[in-house]
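Chains, contacts and geometry: an overview
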Amino acid sequence: MYGLSAGDLEIQDRARTLADELIPFEVEAELNGGDLPKDVVAGHKARAIELGLYATNMPKELGGHGCTSLQQVLVQEQVGRVTNALAWVVATPPSWLPSVATPYQLEKFVLPTVRGEREECYAITEEGAGSDVDGIVATARRDADEYVLNGEKWHVTSYNTADYAFFQGKLVGGAHDGEHAMFMVDLPSPGVTVLRTPAYMHTISHHHPIVRFTDVRVPATHLVGAEGDGMTFAYEWFRFERMMVAARCLGGAQRLVEEMTAFAKERAVQGKPIATIGAIQGMLADSLTELFAARALVYETARGVDAGIDVKVQHAQCSMAKLYASEMAGRVADRAVQVFGGRGYMRENVAERFFRELRVERIWEGTSEVQRSIIADQMTKRGPRALA
Ligand SMILES: Cc1cc2nc3c(=O)[nH]c(=O)nc-3n(C[C@H](O)[C@H](O)[C@H](O)COP(=O)(O)OP(=O)(O)OC[C@H]3O[C@@H](n4cnc5c(N)ncnc54)[C@H](O)[C@@H]3O)c2cc1C
């Protein structure tokens with residue numbers, strides 16, 4: 001099905017193996033604030049590396065696996081079958097970085113990240129600037145061979161596991177005054193402090209603290225690309241991340257469809273399985289139908305990226321994939337809770353966890369509303385036929 005090659009099926013199988021090994025740890029993580037013992041997590045990461053699933057997005061010459069976009073989708077789809085972010089051990093380092101990294105940055109940041117020795121986090125969003133990144137007020141001022149960074153960043157995912165952060169600020173003074181720039185900041189660094197670690201809807205070991213950068217000094221060699229670049233060189237990354245969000249949503253929906261079908265076959269009311277009740281059948285059927293449609297869309301989008309189709313078309317299609325797959329997964333999770341009845345409201349139930357966890361897929365990496373505006377913008381510029 002889906003015209004997958006032998007190589008595609010083989011990597012999909014490896015990813016499925018890992019996901020199946022991680023699923024039994026979900027309830028323990030859920031009931032323990034998202035945490036598992038450190039040695040268990042280290043074992044999971046080692047297993048991801050052993051199975052060749054780490055850094056699938058990085059070029060082979062840098063130690064990655066150089067997988068096609070479709071293969072990466074297949075891997076992330078399996079990652080998405082696991083709750084509590086346990087499968088985030090299948091890391092995808094910043095693939096946009098090598099093309100702009102200096103030899104120093106390659107040695108210090110990129111290569112150790114590909115080897116799994118370093119981990120990154122992103123400090124871009126602020127209290128007043130999320131969808132509108134241009135609204136950030138964090139600053140970067142050049143001082144001799146250094147930059148001095150100031151700002152307060154929100155939702156810094158994985159700050160507690162990362163050992164360096166990408167920090168985006170606006171330049172103060174110089175030829176590029178007011179323009180964006182991005183820096184790599186080693187963690188910990190003097191002046192970087194956690195203001196607060198809010199609780200979020202999901203239960204995962206990766207936190208999203210509010211982080212304050214006060215007069216943080218970084219060497220000028222930690223500037224990513226050039227002054228004025230900011231994340232502008234990272235559009236490829238947005239496309240990648242949106243497609244991977246979509247892929248993980250397919251995996252979440254696949255797991256839910258399987259679990260709710262099994263439950264509906266087994267759960268009997270008045271002597272009959274609930275799977276024979278029309279209303280339940282409707283929820284099962286709609287879920288699988290929408291999953292099938294989403295999967296076809298996401299795989300086709302990945303194939304287009306691999307075929308090198310027009311980059312603006314790729315951009316719009318990745319937005320469509322994220323929009324549809326994340327909204328689809330949300331609907332499936334809602335139905336799954338309903339099919340499970342009271343059990344679906346229990347934290348030990350997979351539907352309850354996915355119901356909370358999938359909600360953010362419509363928000364991060366660009367909200368559904370932002371994806372719609374990207375798609376509509378390209379529709380009016382290129383015409384619907386160019387996109388679908
Ligand atoms: C769990 C979690 C983890 C995150 N991790 C990170 C991270 O690691 N690093 C990081 O930098 N950020 C991170 N974020 C931030 C995330 O990217 C933003 O929350 C997201 O982009 C939305 O921005 P906002 O929260 O400021 O909402 P806003 O931009 O204020 O949006 C509020 C509402 O207005 C709508 N809206 C805004 N602009 C438009 C528009 N132009 N057209 C139509 N509707 C619009 C939105 O869709 C939304 O419904 C994370 C967020 C969450 C929840």
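Whatever comes next refers back to the structure up there.
An account of the accompanying structure is given in this report. Every value quoted in this text rests on a predicted model; they were computed, and no experiment measured them.

**With respect to the packing of helix α8 (residues 311–340) against helix α10 (residues 368–382)**
Two quantities define a packed helix pair, namely the angle between the axes and the distance from one axis to the other. Remark: α8 packs on α10, axes separated minimally by 9 Å, with the N-to-C direction vectors making an angle of 140°. For the crossing formed where α8 meets α10, the hand is left-handed. Of the residues in α10, those in contact with Lys312, Val313, His315, Ala316, Ser319, Met320, Lys322, Leu323, Ser326 and Glu327 of α8 are Ser368, Gln371, Arg372, Ile374, Ile375, Gln378 and Arg382. When its residues are assigned to classes, the contact of α8 with α10 shows six nonpolar, six polar and five charged.

**Some details on α10**
For α10, with 15 residues, the first-to-last C-alpha span of 21 Å sits near the 21 Å given by 1.5 Å per residue. Three or more residues of α10 are buried, namely Ser368, Gln371, Ile374, Ile375 and Gln378. Within α10, the buried residues cover an arc of 125° as seen down the axis, which keeps them to one side. Facing away from the buried side of α10 by more than 90 degrees, the exposed set consists of Glu369, Thr380 and Lys381. Contact partners of the buried residues in α10: α6 (235–266), α8 and α11 (384–387). Positive backbone phi, approximately 90°, marks Gly383, located one or two places after α10.

**Brief notes about the site of the ligand**
Close to the ligand lie 14 residues, the nearest being Thr125, Ser131, Thr157, Thr367 and Glu369. One of the backbone nitrogen or oxygen atoms of Ile124 is found 3.1 Å away from an oxygen atom of the ligand. Glu369 is positioned with one of its side-chain polar atoms (N or O) 2.6 Å from an oxygen atom of the ligand. The residue inventory of the shell around the ligand, partitioned by class, reads six nonpolar, seven polar and one charged.

**Structural notes on helix α1 (residues 6–22)**
Over its 17 residues, α1 extends 25 Å from the first C-alpha to the last, a length consistent with the 24 Å expected when each residue adds 1.5 Å. Within the sequence span of α1, burial applies to Asp8, Ile11, Gln12, Ala15, Leu18, Ala19 and Leu22. Viewed end-on, α1 has its buried residues packed into an arc of 120°, placing them on one side of the element. On the buried face of α1, the contacting elements are α2 (26–31), α3 (38–50), α4 (69–79) and α7 (278–306).

**Remarks on the environment of Met328**
Relative to the helices and strands, Met328 resides in helix α8. Along the chain, Met328 and Ser287 lie 41 residues apart, while their C-alpha atoms are 8.0 Å from each other. Every residue in contact with Met328, bar those within four places of it in the chain, is listed here: Cys249, Leu250, Ala253, Glu290, Leu291 and Ala294.

**Description of the state of the cysteines**
Following the criterion strictly, the structure yields zero disulfides and no others. Cys318 forms no disulfide, and the closest cysteine sulfur to it belongs to Cys249, at a distance of 14 Å.

**A closer look at the packing of aromatic side chains**
Throughout the structure, instances matching the rule amount to twelve aromatic pairs. Taken together, a centroid distance of 4.6 Å and an interplanar angle of 35° make the contact between Phe263 and Phe340 tilted. In this pair, Phe263 sits in helix α6 while Phe340 sits in helix α8, placing the two residues 77 residues apart along the sequence. Judged by relative accessible area, Phe263 falls into the buried class, the value being 12%. By relative accessible area, which is 8% here, Phe340 ends up buried. Members of the aromatic cluster, each reached through a chain of ring pairs, are Trp96, Phe109, Tyr122, Tyr164, Phe166, Trp237 and Phe240.

**Observations regarding the nonpolar core**
Counting residues in hydrophobic clusters, the biggest one holds 63 residues, and the most contacted among them are Val73, Leu97, Phe166, Leu256, Met260, Met328 and Val339. Sorting the residues of this core by element identifies α4, α5 (103–114), β4 (164–172), β5 (180–186), α6, α7, α8 and α9 (350–357) as the ones contributing at least two each. Not counting chain neighbours up to four residues away, the residues in contact with Met260 comprise Leu284, Ser287, Val332, Arg335, Ala336, Val339 and Phe340. Counting 23 residues, the second-largest nonpolar core is a separate cluster that includes Ala123, Phe167, Phe213 and Leu223.

**A word on empty space enclosed by the protein**
Across all of its chains, the model carries two cavities of 30 Å³ or more by this definition. Empty space within the largest cavity amounts to approximately 220 Å³. Lining the largest cavity are 17 residues, with Val82, Ala85, Trp88, Glu357 and Glu361 sitting closest to its centre. Among the elements of the structure, α6 and α9 are those that each provide at least two residues to the lining of the largest cavity. Considering every element that reaches the lining of the largest cavity, the biggest residue donor is α6, with three residues. Residue composition of the lining of the largest cavity, by class: eleven nonpolar, three polar and three charged.

**Structural notes on unusual backbone geometry**
Pro188 follows Leu187 through a cis peptide bond whose omega is -5°. Assignment of secondary structure puts Pro188 in the loop between β5 and β6 (192–196). Its identity as a non-glycine residue notwithstanding, Gln270 has a phi of 50°, on the positive side. Structurally, Gln270 can be placed in the loop between β9 (268–269) and β10 (272–273). Residue classification places Gln270 among the exposed positions, given a relative accessible area of 82%. A positive phi angle, close to 55°, is found at Glu365, a residue other than glycine. Note on placement: Glu365 falls in the loop between α9 and α10. With a relative accessible area of 28%, Glu365 lands in the partly exposed category.

Reading the values: rules and limits
Residues numbered from 1 in each chain as written. Predicted model: local features only at pLDDT ≥ 70, side-chain atom pairs only at ≥ 80, totals over all residues. Heavy atoms only, no water. Axes fitted to C-alpha atoms, helices over the stretch in contact; angles between N-to-C directions. Helix = DSSP H or I, 4+ residues; strand = E, 2+ residues; numbered from the N terminus. Left-handed = near helix turned anticlockwise from the far one by under 90°. Contact = heavy atoms within 4.5 Å. Nonpolar A, V, L, I, M, F, W, Y, C, P; charged D, E, K, R; others polar. Expected span 1.5 Å × (residues − 1). Buried < 20%, exposed > 50% of the residue type's maximum accessible area, 1.4 Å probe, protein only. Arc of directions from axis to C-beta. Near = heavy atom within 4 Å. Polar contact = N/O pair within 3.5 Å; in protein donor to acceptor, adjacent residues only side chain to side chain. Disulfide = S-S within 2.5 Å. Phe/Tyr/Trp six-rings, centres within 6.5 Å; stacked < 30°, edge-to-face > 60°. Core = buried A, V, L, I, M, F, W, Y, C linked by side-chain atoms within 4.5 Å. 1 Å grid on protein atoms, 1.4 Å probe; cavity = no way out; pocket = protein on both sides within 12 Å on 5 of 7 lines; lining within 4 Å. Points joined across faces, edges and corners; volume = space filled by probe spheres on them.

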